[in-house]
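Below, each chain spelled out in residue letters.
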Amino acid sequence: MTGTEFMIIRENADIKIIDVKTDLSSYAASDLRKVLEGLLSEKVDKVVVNFSEVNHINSTAVGTLVGIAKRLRQNDGDLKLCNLASTLTRTFNLIGASSVVEIYESEKSAIAAF
Amino acid sequence: MTGTEFMIIRENADIKIIDVKTDLSSYAASDLRKVLEGLLSEKVDKVVVNFSEVNHINSTAVGTLVGIAKRLRQNDGDLKLCNLASTLTRTFNLIGASSVVEIYESEKSAIAAF
Amino acid sequence: MEKTYIELKVPSDVYYIEPVRAFIGKLSETLKFPKKRIADIQLTLDEICSNAVYHGSKCVTCGIQLRISVDSHALEIVVQDKGGKGPHDWLTPGKLAEIQSKRSPTGERGHGLYLIECLSDVHKLQANAIGGTDVTAIFYRDGQTEKG
Amino acid sequence: MEKTYIELKVPSDVYYIEPVRAFIGKLSETLKFPKKRIADIQLTLDEICSNAVYHGSKCVTCGIQLRISVDSHALEIVVQDKGGKGPHDWLTPGKLAEIQSKRSPTGERGHGLYLIECLSDVHKLQANAIGGTDVTAIFYRDGQTEKG
Ligand SMILES: Nc1ncnc2c1ncn2[C@@H]1O[C@H](COP(=O)(O)OP(=O)(O)O)[C@@H](O)[C@H]1O
Ligand SMILES: Nc1ncnc2c1ncn2[C@@H]1O[C@H](COP(=O)(O)OP(=O)(O)O)[C@@H](O)[C@H]1O
């Protein structure tokens, strides 16, 4: 297990799974960006972000996820999200980002979808 | 079940059990006082307060519980507390109120102690 | 309920947005807004404050000021900044229309103002006398106004 | 970390103490205070604000003002009230000693100042220029100072 205090990185075969353990306002969004860019620079291309402990996400954090998803796809990888509370899904839907980033009910289905 | 939105009253034989569903700053402390005084006026004399959903209590709320316990004892009844988080027990200990009001691990043991 | 006023000044740093969000969350809960609406209020305030810090502040010590008023009808929040390094005239109808038209679901930025508009019952953007922007968001308390 | 300042004004009503407690809780969390110490900070602020409302305010609109400052060493909170209906001279050493000596575990009141003293690293009570009291509580950030 690596990552930061609030972003734990686990692995499942060639997939990296990030457990986000903090609400995602702009301050934590920049931590999330650093962790994801760290994975990109390590040539990881399959990433799942587990939101089960997140109660809030803002547009900066959603934008970060959209940007990383696009970059991973350029490497034939992808970013998949799982375990979003309904308020989080709503924010993705309002922005329209749920049509850009794949959102799954459970970590299992997110992993299976690769 | 009676009480208010944040103070649910249940019963077990002749014992009334209050589930406090809010942190107890001064504002909620006055609600708690009203609920307990309501029970006193209904001649209830055995009361258990369950704190399992409470994360904070201030000196006004502790004082309210101490006052009610003393009044219930005058009627040969008592007030017993249960399921306190460690931060709450600490506040009771600092004030010295844990030597005045009985505190139990579980609701079961609080009821059994009558 | 007579109108009551709250004032809050924090440094222009996203570091302080979480405490502000916690404050408005608990206030909205005390005011008995439904849970879902509390999340809307918190997200709106997060977006307004993030903009005030990122686009409306020249330095950390410049600070942003919140004025919150509450009466029986509504919760009103005004966030005032002193203006950032960018152009001062970003509030013209033309510029705002441009911002709006550029927004895309696949874009990494530019969703904040849109969310503020979607989630609040009323919102206003006004240039203020100190070179910055006053952003107002109003949330009605009658419970008839769940949006989205 | 340079010293940063936060200001918060709320009406003199216990209604607003929960939002203030949420604010300081999240701020303390961001400052990486341990969980138990965060509870201490929140309780101290609750007690100071409750006193400012109950004993240090003549009316709801009088309001109480918090000034919070943060640097790498400490979190400092000053709560200012404008003075209540009671005597102005409650801060004399004699009166304070009387308050202290009257405190009893079986008493329903009179535990607030004692908790403030127990839980903060440093605390001060001072008469201010506007007829009220400034109560200061300081919490060190070095983690060497868990009390109680
Ligand atoms: N408080 C502000 N002061 C100055 N410019 C602002 C402010 N708020 C928003 N803007 C301008 O509006 C644009 C769109 O803002 P927004 O929709 O929140 O998206 P983003 O912040 O991601 O760019 C910003 O890029 C900025 O140019
Ligand atoms: N901000 C204040 N302004 C005026 N008097 C105060 C203030 N804070 C405390 N006091 C006085 O000190 C006494 C003790 O306060 P405290 O220990 O908090 O207990 P309590 O509030 O339960 O009486 C109060 O009863 C009041 O007379």
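Residues numbered from 1 in each chain as written. Chains lettered and ligands numbered in written order. Predicted model: local features only at pLDDT ≥ 70, side-chain atom pairs only at ≥ 80, totals over all residues. Heavy atoms only, no water.

*Asks:* If you had to explain the packing of helix α1 (residues 17–30) of chain C against helix α1 (residues 17–30) of chain D to someone new, which residues and values would you point to?
*Replies:* Packing of α1 of chain C against α1 of chain D leaves a shortest axis separation of 7 Å and a crossing angle of 155 degrees. On the basis of their axis angle, the class for α1 of chain C and α1 of chain D is roughly antiparallel. The two elements α1 of chain C and α1 of chain D cross, and the hand of that crossing is right-handed. Residues E18, P19, V20, A22, F23, K26, L27 and T30 of chain C of α1 of chain C touch α1 of chain D, and the partners they reach there are E18, P19, V20, A22, F23, K26, L27 and T30 of chain D. (Axes fitted to C-alpha atoms, helices over the stretch in contact; angles between N-to-C directions. Helix = DSSP H or I, 4+ residues; strand = E, 2+ residues; numbered from the N terminus. Parallel < 35°, antiparallel > 145°, perpendicular 65-115°, else oblique. Left-handed = near helix turned anticlockwise from the far one by under 90°. Contact = heavy atoms within 4.5 Å.)

*Asks:* Talk me through the site of ligand 1; I want residue IDs and the actual numbers.
*Replies:* Residue and element names in this part refer to chain C. Around ligand 1 lies a shell formed by N51, H55, G56, D81, W90, I99, R109, G110, H111, G112, L113 and T133. Between ligand 1 and the protein, one listed contact pairs an oxygen atom with a side-chain N or O atom of N51 at 2.7 Å. In this structure, an oxygen atom belonging to ligand 1 sits 3.2 Å away from a main-chain N or O atom of G112. A total of 530 Å² of accessible area belongs to ligand 1 in isolation, and the protein chains cover 82% of it. Tallied by class, the residues present in the shell around ligand 1 amount to three nonpolar, seven polar and two charged. (Near = heavy atom within 4 Å. Polar contact = N/O pair within 3.5 Å; in protein donor to acceptor, adjacent residues only side chain to side chain. Areas by Shrake-Rupley, 256 points an atom, 1.4 Å probe, with all protein chains shown as cover. Nonpolar A, V, L, I, M, F, W, Y, C, P; charged D, E, K, R; others polar.)

*Asks:* How would you explain the environment of L84 of chain A if you had to name every residue and give the values?
*Replies:* Residues and elements named next belong to chain A. Mapped onto the elements, L84 comes out in the loop between β5 (78–82) and α3 (86–95). Residues L84 and E105 lie 21 residues apart in sequence; the distance between their C-alpha atoms is 7.4 Å. In contact with L84, not counting residues within four places along its chain, are F51, T89, F92 and I103.

*Asks:* Before we move on, could you go through unusual backbone geometry and cite the residues and values that matter?
*Replies:* If a residue is not glycine, its phi is most likely negative; likewise, a peptide bond is most likely trans. A positive phi angle, near 65 degrees, is found at D76 of chain A, a position not held by glycine. Inspection of the secondary structure assignment puts D76 of chain A in the loop between α2 (59–74) and β5. You can call D76 of chain A exposed: its relative accessible area is 72%. Of note, K32 of chain D is a non-glycine position whose phi angle comes to about 65 degrees, a positive value. Within the secondary structure, K32 of chain D sits in the loop between α1 and α2 (35–54). With a relative accessible area of 53%, K32 of chain D lands in the exposed category. (Buried < 20%, exposed > 50% of the residue type's maximum accessible area, 1.4 Å probe, protein only.)

*Asks:* Summarise the interface of chain C and chain A; cite the residues concerned and give the values.
*Replies:* Taken together, the contact pairs 27 residues of chain C with 21 residues of chain A. For the pairing of chain C and chain A, the buried interface totals around 2,000 Å² over both sides, and the portion due to carbon and sulfur atoms is 56%. Counting the surface chain C buries against chain A, the share from its top three residues, P105, T106 and E108 of chain C, is 25%. Counting every contact that joins chain C to chain A gives three salt bridges. In this structure, the salt-bridge partner of D40 of chain C is R90 of chain A, at a minimum N-O distance of 2.3 Å. (Buried area = accessible area lost by both parts, 1.4 Å probe. Salt bridge = Lys/Arg side-chain N within 4 Å of Asp/Glu carboxyl O.)

*Asks:* Which residues make up the pattern of salt bridges, and what are the values?
*Replies:* Tallying each qualifying case throughout the model produces 43 salt bridges over all chains. Salt-bridge contacts for E53 of chain B lead to K21 of chain B; the nearest nitrogen and oxygen are separated by 2.7 Å. Taken as a pair, E53 of chain B in the loop between β4 (46–50) and α2 (59–74) and K21 of chain B in the loop between β3 (15–20) and α1 (26–41) lie far apart in primary sequence, 32 residues in all. For E53 of chain B, a relative accessible area of 45% corresponds to the partly exposed category. For R37 of chain D, the salt bridge is made with D121 of chain D, and the minimal N-O distance between the two is 3.4 Å. Here R37 of chain D is found in helix α2, whereas its partner D121 of chain D is found in the loop between α4 (112–119) and β4 (122–127), with 84 residues between them in sequence. Each member of the pair, R37 of chain D as well as D121 of chain D, carries the same accessibility label: buried. Sharing partners across several salt bridges, the network here consists of R33, E37 and R71 of chain A together with E108 of chain C.

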